[in-house]
Structure formats: structure tokens, C-alpha cells
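An overview of the molecular structure
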Amino acid sequence: MTYNFNEIEAKWQKYWAENQTFKAENTSDKPKYYVLDMFPYPSGAGLHVGHPLGYIASDIYARYKRHKGFNVLHPQGYDSFGLPAEQYAIQTGQHPAITTETNIATYRKQLDKIGFSFDWSREVRTSNPEYYKWTQWIFIQLFESWYNNDTNKAEHIDTLIAKFSSEGNANINAVCDDNIISFTADEWNNFSSEKQQEILLQYRLTYLAETEVNWCPALGTVLANDEIVNGVSERGGHPVIRKKMTQWSMRISAYAERLLQGLDTIDWTDALKESQRNWIGKSVGASVTFNVENHDETIEVFTTRPDTIFGVSFMTLAPEHELVTKITTPEQKADIDAYIQATAKRSERDRMADVKTISGVFTGAYAEHPFTKEPIPIWIGDYVLAGYGTGAVMAVPCGDQRDYDFAKHFNIDIPNIFEGVDISQEAFADKDNTIIANSDFLNGMNYKKATKRAIFELEQIGQGEGKTNYRLRDAVFSRQRYWGEPFPVYYVNGMPQMIEQKHLPITLPDVEKYLPTESGEPPLGRADVWAWDTQSNQVVSNDKIDDKTVFPLELNTMPGWAGSSWYFFRYMEEQANRGNTFASEEALQYWENVDLYIGGSEHATGHLLYARFWTKFLKDRNFVGVDEPFKKLINQGMILGTSAIVYRVAGTNKYVSSGLKNDYEVEELRVDVNMVNASDEIDIEKLKQWQPQFADAEFELEDGKYIVGREVEKMSKRWFNVVNPDNICEQYGADSLRLYEMFLGPLEQAKPWNTAGITGVHGFLKKLWKLYHQGEDVNLKNDPNFYLHDPKKDGVYSAFKAVKRGIGLPDVEPTKDNLKTLHKTIKKVEEDIENFSFNTSVSTFMIAVNELTTQKCTSKAVLEPLLVLLSPYAPHITEELWSQLGNTQSIATAPFPKFEEKHLVESSKNYPISFNGKMRFTLELPLDMSKDDIEKTVMAHEKTQEQLQGRTPKKVIVVPGKIVNIVG
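Quick caveat, the model's predicted, so the values are computed rather than measured.

With that settled, the discussion passes to the overall build of the protein. Across its full length, the protein carries 30 helices and 35 strands. With the principal axes as the frame, the protein shows a C-alpha extent of 120 × 75 × 75 Å. Looking at the protein as a whole, 52% of its 968 residues qualify as buried. Taking contacts inside the protein between residues at least 6 apart in sequence as the whole, the part at least 24 apart equals 70%. For the protein, the exposed surface amounts to about 43200 Å²; the carbon and sulfur share of it is 46%.

Here it is in C-alpha cells:
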């Protein structure tokens, strides 16, 4: 019987879909297990072989958990809002929804071909209005909330209003804007409605504020830090500048400490946790206030080293700091303005990373030292960031290398405040070995004592206090794009108002073009129908705006991370019950949170932080029952491409084979890897047709072939090294692809793709198939009774009859060797899956099949459980063989085989029987046989008598469990 993998895989993919084999239930007596992948953005390029790596790993684990008796939720969907679709719309005029729908269809077709056990009945698309209705609802809940530091959680804004009405805000311990004005209850109650709204915006968890953002003029939008690479946009490579804009922001900073503490409760890698800790950036120190000479202004700084307060010799402000324009002297204004303009072209990430460049400008102004009252020059420098801390630093060059280099460069004084330390060459930053000197009341103290005393003295003079600071900044939530969630916000007299839940979703309007308007407004500014009628509660034409009942709607849209910050909760709810809530209380209680989450490490400080933030907020407001979304998280490594390189002789159109390149001055050009065979030989005729530059090219061969060079690098269309999984499935089958991707190496590591290597696992599957069809020589295509249609008439081979065809193996009792092979395989595979060591499982399967083939095993008691072990990895072939063995239920429902130690415990020993040290034969004897009985049995054996030929040996050496040596 031939292994027709294409037919088998199509058959079982159809069966799984029609029978909803992997549909999860929200009520089950089984324990629950929720396996989730970071859902994909459906790009126009579709999947390449690197993309399914994590999906295959999660699918293996999901299938394994089903075998282990769990009710498994393993859903999939699409992060379908995004900048690429919008850019394509700008270029072509095609609505992003059309592009997105087309791309999703391509992705779905590709995913289905690989045989994933997804529960597609729970599919999520972030661009679907039925979905983003609830993203808008969550935004409204954030707007209607404040963070109470006393209860350490978010509360409804009504509780804050009640406090204002009864006691004012003097004793309110809240996370809020800086420089809050104090007011009494009477004053609050007498404020106008508009004034009250302005104050509440300073406390809400989502709020409007003028913020420094990454502005990309070419894309016409704000970009997140992780969307910028080397100072340009990741998408398109366009310049990015820093710019102040009024934006919606979210107070993720309120959750900084809880985000840190929560890391101790979840099973994530140390590297991933450390990334989040560094991003949150907790620092314990002091807030210090410096008065600015000849101004009614103060500069607040945060320092982790208040013990070095007497070593301050200058201050540095971020170029964007609001005081810069106020305190700069006329003589310095031109230099300051030029520096600010230059700095705006550099991203914060670039400024943080660049430790070599020293630049800055003196403002001409001075601050006053809080203790000595000496003047301190105030500079600006781009190594200080406006969004980190206060955007100002007190520079202590003797104790900080960057301050030291700055002072040296600009010839600023470097006072030494460390006892017995030489700072002539570099700063001294070893705080544990610090003894303070030249510092008045701090002299002779170590770091800890000096820190406490400095904070005390600062508090005594009202110019400082102990403080904990976090690097984590509030998240900018506005994007000047079209293809994103509309805000459920309209404006009355410039103040934001929320649209009631019952009127959601607010859907995207039609626009003529997807570019910002000529006046610089976001693309929604082009909509003719984009105003909110408070009487009819619907979107109406802009020309009806009257400042009485019809008001303008928000023109920005939400960022890409909005929909991905809660989608895992949406999957918990069955499709039929999604109308009235983002997820029902019953569904949320049953599934709780994600048990296993697999995705790329690039989301360590973006998506994962935002998702944790939203989950904690939703828990605070009693909308969900957990405060961490993902219990266990694994980052899969990257599958790298193996690029193909041709060598063009400089200044010519001549190309030389790889072995000849050293004879010429050559240029390297990457070409499509799909034109290269396993021996690195390129098809020259295909190359000539591929691009015009090769059509008339001359090729110098070696041994009649053109051999390309190879380079392992990221798989990308740019390098022409993308391998399409569809082609692999067509040529070798999905089971081969799944096994090979796991076989490449440990899940978390990067590894290069080499299509030639897949033949090994494909050969293994053929050998597996043969093991179950020993002695058969039947070709299904010659058996018309196997098909729904007569193949001689219409050639349809893929439509299998419902009748089951048995394999016909003689079912015999398993041998000891059969059982030993099976149970050592059970033990190893279960350990591997639990440890996510999928690559070693593939090797174990190969060994098992080799051993069982050698043993000529035909026992159903061994071959059936072997299929269950292999099923998570190669589901199609195992389903087929399972069926052919006479089973009528899907193998997905079969219990995982139980390991029995007794089959690995050796009860006998195959002794080598030697004569004068030379082994002549072997004899299997029980391990518990005594030394005397071993000797008697060996001596009585006919082969021993043949060797001795009547002689009496001098002695018989018996080492129980090892050897028998007859001397003589």
C-alpha cells in the first residue's frame, strides 16, 4: 500500500473540519488547558517556513494535552489592524479591509495545509467591528477609572468624584498628573462642569496630554519605540523626529510595581523577565529640587545617589524640557534652538544607545545648590531624555562616567567627594566602597548612611524627599492612521465625552484617500460623515456640527496593541455567546488565563507589558478573575534562511561560479533560493528569466555547473531566501514539514533552514508506513472500491469512501523487545514534550521505528500506542494508520500510553562465554541466578562441551551480571 501523503492529508484535514474534532467546550468534567499562539498579522506575503515553528510546537503540546485527558482550548485568529495594509491602501487606493480579507484567506489556507488542531469556531479578527466594539468598551472603562494608591488598584471614577465632593483633593493618594492644584470640597462643588472635567482628566487612567512622540512625516503617524530601527521607521525606512502632540495616553506607570511583582508569579524565562524588569526600570533614591537663579522656576531631579549631592558641578536638561525656552539667555538662544532642532531627528532609542557621542549646549542659566547655595551651570544634552524621570539630571562627574566625559569635553569642574580615590582618569562608581569626603555633614559616611542623611537634610529644608522612580512611561495611545480602532469619543467644547456602550461599535467611516489631510489632520479628517449626534445617538454628516447636539468625533485611531491586549479573553467565549459581553463570567471563570503562550521574543517589552497591564486593570474592576494573562510563556527561536549568492565580475555582466570568485574582483548578488538545488547548483535558464539583468549575462562554470555561495541570515523577501511552506507540503507533506521544523534544533534557538534536510524525516515516515504494511503490495490507485468515484472514469483519487480499510497485520502477543522499545519511547517522548524538547523526540521516533522494523513487530498492542505517541507530531499519517487498524474514533481522542517501568527492568543477561579470554558464544541467563548455578549451567551447555572436547578446565571465572571465562 503506497504512502500517498497528499491524499491522506487532504482527507483528514477535511474530516477534522467537518467533525469539529478540536472544538473546545466551556463546560467539561475534564481539567482545562489553554494553549495560545501570538496571533499573526496577515501580511500579503503569506507564511514562509519560519512562521509555523511556534505554531507546530504549540500544536504538539495541545494535542498531547488532549491525549492526557484535558479539555484543550487551542484557538487562532488575526491581528488584522496594521500599518502595512494602510500603506498598501495609500499606494493603490484599495480599502484596507479588502486587502486584509484577501491576506487572511491566504493565511487560513496555508495554516490548514499544515494540519493544526485549532478551534476555528472561536476565531478572532481585531478589525472586525463585533470585536473592536469591546476594545472601545475597555477604553471607556479606563477613561472611567482612576488609580487609588491607598487600595493599590483602579477604581471607578465615581468614587473619586465622591471624595472630591466631600473632602476635596488634599488627602487623595492617587496616580495623577504632576502639579495638581489643591482644592476643597466647596471649591469642587462650585467648579463649572467643564472645570471638573479638566481636573478629572488629570486623574483618569486614559487621558489627553501634550506628549513627546516619535513622529514619522512620510507615514503621517506616530510610531512606538519598537517600530523604529536605527532612527528610521521599520516600515519603509523613513526618518522619524521627536515632536510634541496632544495624544491619548494610558497610565501604565500606575501599575509599574505590580508589573514587577507579578513577574515572580509566572513561569517565564529569566531572560524575558529581565527584559521587562529593565524596561520598567525601578530605581530607589531621592527627588531633589533646585531653584533657578533669577527665575521663579525650580528644577526637580531624581537621583539614586543623593549621597553625592555635594559633587554636583552642573545640571543637564533634556533638549525638550519645558524650562529650556524659559531660562535660556538671549546670547545662547541661537545655539540652543539649533541643538534642539538637530536632536528632534534622533529617536530616544538611538540617544540611549549612543554612549560615544558627547554633545550639549550651555543655556546661560544657573541653578542654586540646595546646601552650599553655589551657582550650578545648566546645560542641555541629548543623553538626557524628557520622558525618563524628570527630564533633568544633577551631574556628579566624579561619580558617573557619562557626566565625567561631558565635563571633560566641555571643561567643567570635577570636584572629588570620595575619600582616598583617584579620579584623574575616570569616574568612581563603586558605591559599596564609597566613603564620602568634602561634603559637609556627610563626611566619613558610607553610601547607605550618607544616602539616609542626605534625604533627611533635604526634607528638613523642603528641597527633596525619598522616592522610588520607574523608567516605565505612560503609553501613548493615539495613532494618526486610518486602519485602526476608532475612539468612542466626541468633543464638547474641547472636552472628551464617551459614547454609551449600547451605541457601540463606532465603525470606520469611508474616506477618499488614506493620507493625512492637507492641513495635517489624521486620515479620518477626510471623512464627510464623522460627527456624533447626541439626540439620535449615531454618526452623522460633519456639516451638521452645531455645538448643541452634534459634535466632532476623535480623528485619531487606536494603536495596534489595543486589540492584542485582550484577545486571549475573547477566545474563551464561544461564538454564539459573544453578542452581549466581551466574555461571559462563566467562560472567564472556567478558562481563567492562558496556560501556555508561545511567540517571538520581539514582543517582550511591547505586547506582553500592555497585555499584563490591561489584565490587571480588568481584574481591578472585576471584569476578569485573574491579574496575569499568561502562566507559562516560551519564545521560539527564528528559522533562518540560507541565501543563495552569485558573483558578478566588477564592471561587467559576467558571473563566475563560487569556486572561481577569488580569481576576480566580484560583487555579491542574492538570488531566489528556489532556483538552486540541494547541491548548490543554480538553474541558469531560470535565472536568466528571473530578472532582466541576467538575460544576456555570461556565466563562467566549474565542472559544467554554476555553484552559488551560501549565507545564513534572516528569512526575508529582501534576500530572496524565503521558502514557501505550501511547496514543502506539496512535495513532502505537512507531516514531514512538522517533523523537520522540530528536528532542526531546540525550540528556543535560531537555526538555519535547509530544504535538502527534509528528505531524512520524509524517509522516516515512509519507513513508518512500511512498518504497518509489512508484506503488503497493494496500490490504492489500482483499487477502485476504495474511492467514491471510478478513477478510470473521472480521475478523482482524493475522495475516500467512508468504509475503513484494514491493514491486515497478524495480531500477535508483543515480545519483550517489542515492549521494551515501546515503553522506553513512551518515557522519552513524554519527558521531551513536558520539557519542550521536541527535537529529541523526533530522533526517538526514528530509533523506535528502526528497532520495531528489525524486530518485525506486528503486535497491535505495540503499534497502536506508538501511533498515539507520534500523533501530536505527525497527525495525518497517524490518523490514517489508526483508522486502518480498525479504529472508528479520531486518534485525537485516544488516551496517551502509560509508561510501565517493568518493561525496562532487565530480568536476564546475555552473558559472553569466553575460553581463555576469547568470546565463543553468548548465553542468556536470569540476572538473579547464583554464581554456582551460572557455572553449572554454562558447563553443561553443549557448546561448552564442544569447546572443551573432553578437557577439564583449570578454573571457571564467573562475574555475575558480566562475564563467564573458562580457563584451560
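A separate point is the packing of aromatic side chains. Within this structure, the stated rule accounts for 70 aromatic pairs. Judged by centre distance (5.8 Å) and plane angle (70 degrees), the rings of Trp566 and Phe582 are edge-to-face. Taken together, the positions of Trp566 in the loop between α16 (561-564) and α17 (567-570) and Phe582 in the loop between α17 and α18 (585-591) put the pair 16 residues apart, joining distant regions of the chain. For Trp566, a relative accessible area of 0% corresponds to the buried category. Arranged with centres 6.0 Å apart and planes meeting at 25 degrees, the rings of Trp690 and Phe694 form a pair that is stacked. Members of the aromatic cluster, joined through ring pairs, are Tyr33, Tyr61, Tyr64, Phe70, Phe836, Phe838, Phe845, Tyr873 and Phe896.

Membership of the largest hydrophobic core comes to 106 residues, with the highest contact counts inside it found for Ile682, Tyr772 and Tyr873. Here Tyr772 is in contact with Ile807, Leu809, Leu863, Leu866, Leu867, Leu881 and Leu885, once residues within four sequence places are set aside. Core analysis: the next-biggest nonpolar cluster, separate from the first, contains 91 residues, Ile499, Phe568, Tyr610 and Val626 among them.

What follows covers the sheet that holds strand β3 (residues 145-148). Read across the sheet, three strands follow the order β4-β3-β5 without closing on themselves; strand pairing throughout is antiparallel. The open sheet has two edge strands, β4 (153-156) and β5 (174-175), and neither has a second partner. Summarising the sheet, β3 and β4 pair through four bridges and their orientation is antiparallel. Note that in β4 the partner of Asn148 across the bridge is Lys153.

Turning our eyes to something else, we now look at empty space enclosed by the protein. If a probe the size of a water molecule is rolled over the atoms, the empty space left behind becomes visible. Inspection of the entire model under this criterion finds three cavities of 30 Å³ or more. As for the largest cavity, its lining consists of Val355, Thr357, Ile358, Ser359, Asp382, Tyr383, Arg402, Asp405 and Phe406. Within the lining of the largest cavity, the residues separate by chemical class into four nonpolar, two polar and three charged.

Where helix α22 (residues 734-743) contacts helix α26 (residues 838-854), the two axes come as close as 7 Å, and the packing angle between them is 120 degrees. When the interaxial angle is binned, α22 and α26 end up oblique. Touching Leu739, Met742 and Phe743 of α22 are Phe838, Asn839, Val842, Ser843 and Met846, all from α26. Residues of the contact of α22 with α26, tallied by class, amount to six nonpolar, two polar and no charged.

Right, let's talk about the layout of surface pockets for a bit. If you add up the space inside the second largest pocket, you get close to 940 Å³. Lining the second largest pocket are 27 residues; nearest its centre among them are Phe302, Thr304, Tyr388, Val393 and Asp400. Mapped by element, the contributors of at least two residues to the lining of the second largest pocket are β12 (298-303), α13 (348-353), β16 (392-395) and α14 (401-409). The element best represented in the lining of the second largest pocket is β16, accounting for three residues.

A separate point is the sheet that holds strand β33 (residues 918-926). The sheet built from four strands is open, its strands ordered β33-β32-β35-β34 with mixed pairing. Only two strands of the sheet have a single neighbouring strand rather than two, namely β33 and β34 (955-959). Strand-to-strand twist in this sheet, taken as the mean axis angle between neighbours without regard to direction, amounts to 20 degrees. As paired strands, strand β32 (residues 908-915) and β33 are joined by eight bridges and run antiparallel to one another.

Before going further, it helps to spend a moment on the confidence of the model for the protein. Close inspection of predicted coordinates is inappropriate in any region flagged by low pLDDT. Per-residue confidence for the protein gives a mean pLDDT of 92, with 96% of residues at or over 70. Counted against residues more than four places away or in other chains, residues 785-805, with its pLDDT under 50, gives 35 contacts.

Thresholds applied
- Residues numbered from 1 in each chain as written.
- Predicted model: local features only at pLDDT ≥ 70, side-chain atom pairs only at ≥ 80, totals over all residues.
- Heavy atoms only, no water.
- Helix = DSSP H or I, 4+ residues; strand = E, 2+ residues; numbered from the N terminus.
- Buried < 20%, exposed > 50% of the residue type's maximum accessible area, 1.4 Å probe, protein only.
- Contact = heavy atoms within 4.5 Å.
- Areas by Shrake-Rupley, 256 points an atom, 1.4 Å probe, with all protein chains shown as cover.
- Phe/Tyr/Trp six-rings, centres within 6.5 Å; stacked < 30°, edge-to-face > 60°.
- Core = buried A, V, L, I, M, F, W, Y, C linked by side-chain atoms within 4.5 Å.
- Pairing = 2+ DSSP bridges.
- 1 Å grid on protein atoms, 1.4 Å probe; cavity = no way out; pocket = protein on both sides within 12 Å on 5 of 7 lines; lining within 4 Å.
- Points joined across faces, edges and corners; volume = space filled by probe spheres on them.
- Nonpolar A, V, L, I, M, F, W, Y, C, P; charged D, E, K, R; others polar.
- Axes fitted to C-alpha atoms, helices over the stretch in contact; angles between N-to-C directions.
- Parallel < 35°, antiparallel > 145°, perpendicular 65-115°, else oblique.
- pLDDT = per-residue confidence, 0-100.

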